[in-house]
Amino acid sequence: MAVRSFLQSIFFHFQTFLKFILFGRFPTTNLPALARPDPSGPDIRGSSRKPDITMNRYLSTLNRLQDIFTQCGVSLREIDLPQIAVVGCQSAGKSSVLESIAQQDLLPRGTGIVTRRPLVLQMIHELKPITVDGMEYDTWAKFLHQDDKCYYDMSQVQKEIVEDTNRVCGANKGISDDPIHLKLHSTRAPSLTLVDLPGLTKIAVGDQPQGIDRQIESLVRSYVGKPNTIILAISPGNVDIANSDSLKLAREVDPEGDRTLGVITKVDLMERSPESMDLLKGESINMKLGLVGVVNRNYRMLQDKVSIADAISYEEDFFSSNFPALAPIMGTRYLSAKLCDLLIEKLKSSLPEVEEKINDQLSSHRNILEDLGPRVTDKKMEMITLVGKYVETLRKSIQGEYTFDAKKNPKKKKVPTATLR
């Protein structure tokens, strides 16, 4: 009966998703204002940007479908759903980029391997705060593995990420491909889903297990190798771009650069040279989706507890003063809008393929449901009927009278019969 309930849940959400695809397609022209990068940079804090209802509706259904499969231990690899995977070497600034987009300090920090499991961060833009016990909150978060527990203190979200990682991976520096799913509801964050992957490394350091470099690379490839995955390749600006591990990996799985967006962090630490200007312009690297420079909060800013909003203001001032010609297409605000734009384009191009695969899954699960028989209304009578059928089948098998209907069950192997002696 639990199997029936699970299959019916999947069947229902497949139908919902398919109906949206069939009757709520994105327009082929006039992209929503939320997703279209604007030279002045959209306001990702939600003060002047109107949320895209269609986008929110699509992501809500998509996220729910992913949640169901994750909870039931079913892989979505057969359906290559569009997603954005964040790739970079350790200490490249991945966490800072994600937190700036989310407008929240919610990720653990430290040295060595901090991200040891994929983190699926589902950001959901909310129109207004919520009130709980007389307190108003503009941001709250939920983990998929904790049912309905809600977090209003982001430091507790950091703590839970660490604790749940240790529960799955152990207290050492091992990694796991079992993802953490975190939903972040906020009036300041855009509606966007990002997958934060463990940082690439070359050798094991300290108590890191041997072969950790190959384990991490294999895990990262399992995400970025999918054709519908947009690769957000993070590279630090204070290191020669030719040595970027993230760009090297991206070139291997996406040689034409059709789905790779480069991000240069720590631009404030770059040398002011013509080469740096060429790099930020994207002239020295072939990436069709372009390249965006950002300025992270440095160690001192973190120690002084500088807010993300103030850091973004500092970032904007930095680009306006040092790279005025590029300022409109640099920074966190532009990056956030660019990612929304790319995700919408990827969704539009992949819908026919997703629709076909969902139809196949619908047909498969419909057949399974039909094999289970009609819906159970009287559980007691259903149990009595099932026990009766089992006893009758067992009796026929013992007496050598049981026959297997190959036409009704074409995919199953014939069950051998035996005669009791």
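Before any of the text, the structure's been laid out above.
Every value quoted in this text rests on a predicted model; they were computed, and no experiment measured them. (Residues numbered from 1 in each chain as written. Predicted model: local features only at pLDDT ≥ 70, side-chain atom pairs only at ≥ 80, totals over all residues. Heavy atoms only, no water.)

## Overview of the sheet that holds strand S7 (residues 180-186)
One open sheet accounts for nine strands, arranged S6-S5-S7-S2-S8-S1-S9-S10-S11; its pairing is mixed. The open sheet has two free edges, formed respectively by strand S6 (150-151) and strand S11 (291-293), since each of these has just one partner strand. Strand direction decides the pairing type here: strand S1 (residues 83-88) and strand S9 (residues 229-236), joined by six bridges, are parallel. Following the sheet pairing, Gly-88 is matched in S9 by Ile-234. With respect to the sheet, helix H4 (residues 154-169) is in contact with strand S2 (119-125), strand S5 (139-143), S6 and S7, its orientation differing from that of S5 by roughly 15°. (Pairing = 2+ DSSP bridges. Helix = DSSP H or I, 4+ residues; strand = E, 2+ residues; numbered from the N terminus. Contact = heavy atoms within 4.5 Å. Axes fitted to C-alpha atoms, helices over the stretch in contact; angles between N-to-C directions.)

## With respect to empty space enclosed by the protein
According to the stated counting rule, one finds two cavities of 30 Å³ or more in the structure shown. Counted as a void, the largest cavity has a volume near 60 Å³. Lining the largest cavity, in full, are Ser-96, Ser-100, Val-295, Asn-296, Arg-297, Ile-308, Ala-311 and Ile-312. Looking at the lining of the largest cavity element by element, the count peaks at three residues for helix H9 (residues 308-322). (1 Å grid on protein atoms, 1.4 Å probe; cavity = no way out; pocket = protein on both sides within 12 Å on 5 of 7 lines; lining within 4 Å. Points joined across faces, edges and corners; volume = space filled by probe spheres on them.)

## Digging into the environment of Leu-107
By the secondary structure assignment, Leu-107 is in the loop between helix H3 (94-102) and S2. A sequence separation of 48 residues divides Leu-107 from Ser-155, and the C-alpha atoms of the two residues are 8.6 Å apart. Apart from residues no more than four positions distant in its own chain, Leu-107 is found in contact with Ser-95, Leu-98, Glu-99, Leu-119, Gln-158, Ile-161 and Asp-196.

## Comments concerning the packing of H3 against helix H10 (residues 332-371)
The contact between H3 and H10 brings their axes to 10 Å, and the two run at 80°. Regarding the angle of H3 to H10, the classification is roughly perpendicular. Only Thr-332, Leu-335, Ser-336 and Leu-339 of H10 make contact with H3, whose side of the interface consists of Val-97, Ser-100 and Ile-101. For the contact of H3 with H10, the residue count by class is four nonpolar, three polar and no charged. (Parallel < 35°, antiparallel > 145°, perpendicular 65-115°, else oblique. Nonpolar A, V, L, I, M, F, W, Y, C, P; charged D, E, K, R; others polar.)

## Observations regarding the side chain of Ser-176
Mapped onto the fold, Ser-176 is located in the loop between H4 and S7. A relative accessible area of 15% places Ser-176 in the buried class. Reaching out from Ser-176, the side chain makes a polar contact with the backbone nitrogen of Asp-178 at a distance of 3.1 Å. Leaving out residues up to four positions away in the same chain, Ser-176 has contacts with Arg-116, Arg-117, Pro-118, Val-168, Cys-169 and Leu-219. (Buried < 20%, exposed > 50% of the residue type's maximum accessible area, 1.4 Å probe, protein only. Polar contact = N/O pair within 3.5 Å; in protein donor to acceptor, adjacent residues only side chain to side chain.)

## What to know about the nonpolar core
If you look at soluble globular proteins, the nonpolar side chains tend to sit buried side by side. Membership of the largest hydrophobic core comes to 39 residues, with the highest contact counts inside it found for Met-123, Val-157, Leu-192, Leu-194, Leu-232, Leu-335 and Leu-339. Per-element tally for this core: the top contributor is H10, with seven residues. Contacts of Leu-335, omitting those with residues within four sequence positions, involve Val-97, Ile-101, Leu-232, Leu-261, Val-263, Val-292 and Val-294. Counting residues in each nonpolar core, the second largest holds 34 residues, with Val-87, Ile-113, Ala-233 and Ile-264 among its members. (Core = buried A, V, L, I, M, F, W, Y, C linked by side-chain atoms within 4.5 Å.)

## Some words on H4
With 16 residues, H4 extends 22 Å between its outermost C-alpha atoms, agreeing within 8% with the 22 Å of an ideal straight helix rising 1.5 Å per residue. All of the buried residues along H4 are Met-154, Val-157, Glu-160, Ile-161, Asp-164, Thr-165 and Cys-169. The arc that holds every buried residue of H4, seen down its axis, measures 140°, which confines them to one face. For H4, the elements touching its buried residues are S2, S5, S6 and S7. Phi turns positive one or two residues past the end of H4, at Gly-170, with a value near 90°. (Expected span 1.5 Å × (residues − 1). Arc of directions from axis to C-beta.)

## Section: the side chain of Thr-201
With respect to the helices, strands and loops of the structure, Thr-201 is situated in the loop between strand S8 (192-196) and helix H5 (212-224). Apart from the residues lying within four places of it in its own chain, the contact partners of Thr-201 are Gln-90, Ile-212, Asp-213 and Ile-216.

## Observations concerning the pairing of S7
Counting buried residues along S7, six of its seven residues qualify, which places the element largely inside the surrounding structure. Pairing between S2 and S7: seven bridges, direction parallel. Across the sheet, residue Leu-121 finds its bridge partner in S7, namely Leu-182. Note: S5 against S7, five bridges, orientation antiparallel. Looking at the pairing, Phe-143 lines up with Leu-182 of S7.

## Things to note about a negative patch on the surface
On the surface, a cluster of negative charge is made up of Glu-271, Glu-275, Asp-278 and Glu-283. The topology assignment puts Asp-278 in helix H7 (residues 274-281). The class for Asp-278 is partly exposed, based on a relative accessible area of 31%. (Patch = residues over 30% accessible without salt bridge, like charges linked within 9 Å, V, L, I, M, F, W, Y side chains within 5 Å. Areas by Shrake-Rupley, 256 points an atom, 1.4 Å probe, with all protein chains shown as cover. Salt bridge = Lys/Arg side-chain N within 4 Å of Asp/Glu carboxyl O. Lys, Arg positive; Asp, Glu negative; His and termini not counted. Charge placed at Lys NZ, Arg CZ, Asp CG, Glu CD.)

## Section: a nonpolar patch on the surface
A cluster of nonpolar side chains, contributed by Met-383, Val-387, Tyr-390, Val-391, Leu-394 and Ile-398, occupies part of the molecular surface with about 560 Å² of accessible area. For Val-391, the location among the structural elements is in helix H11 (residues 379-398).

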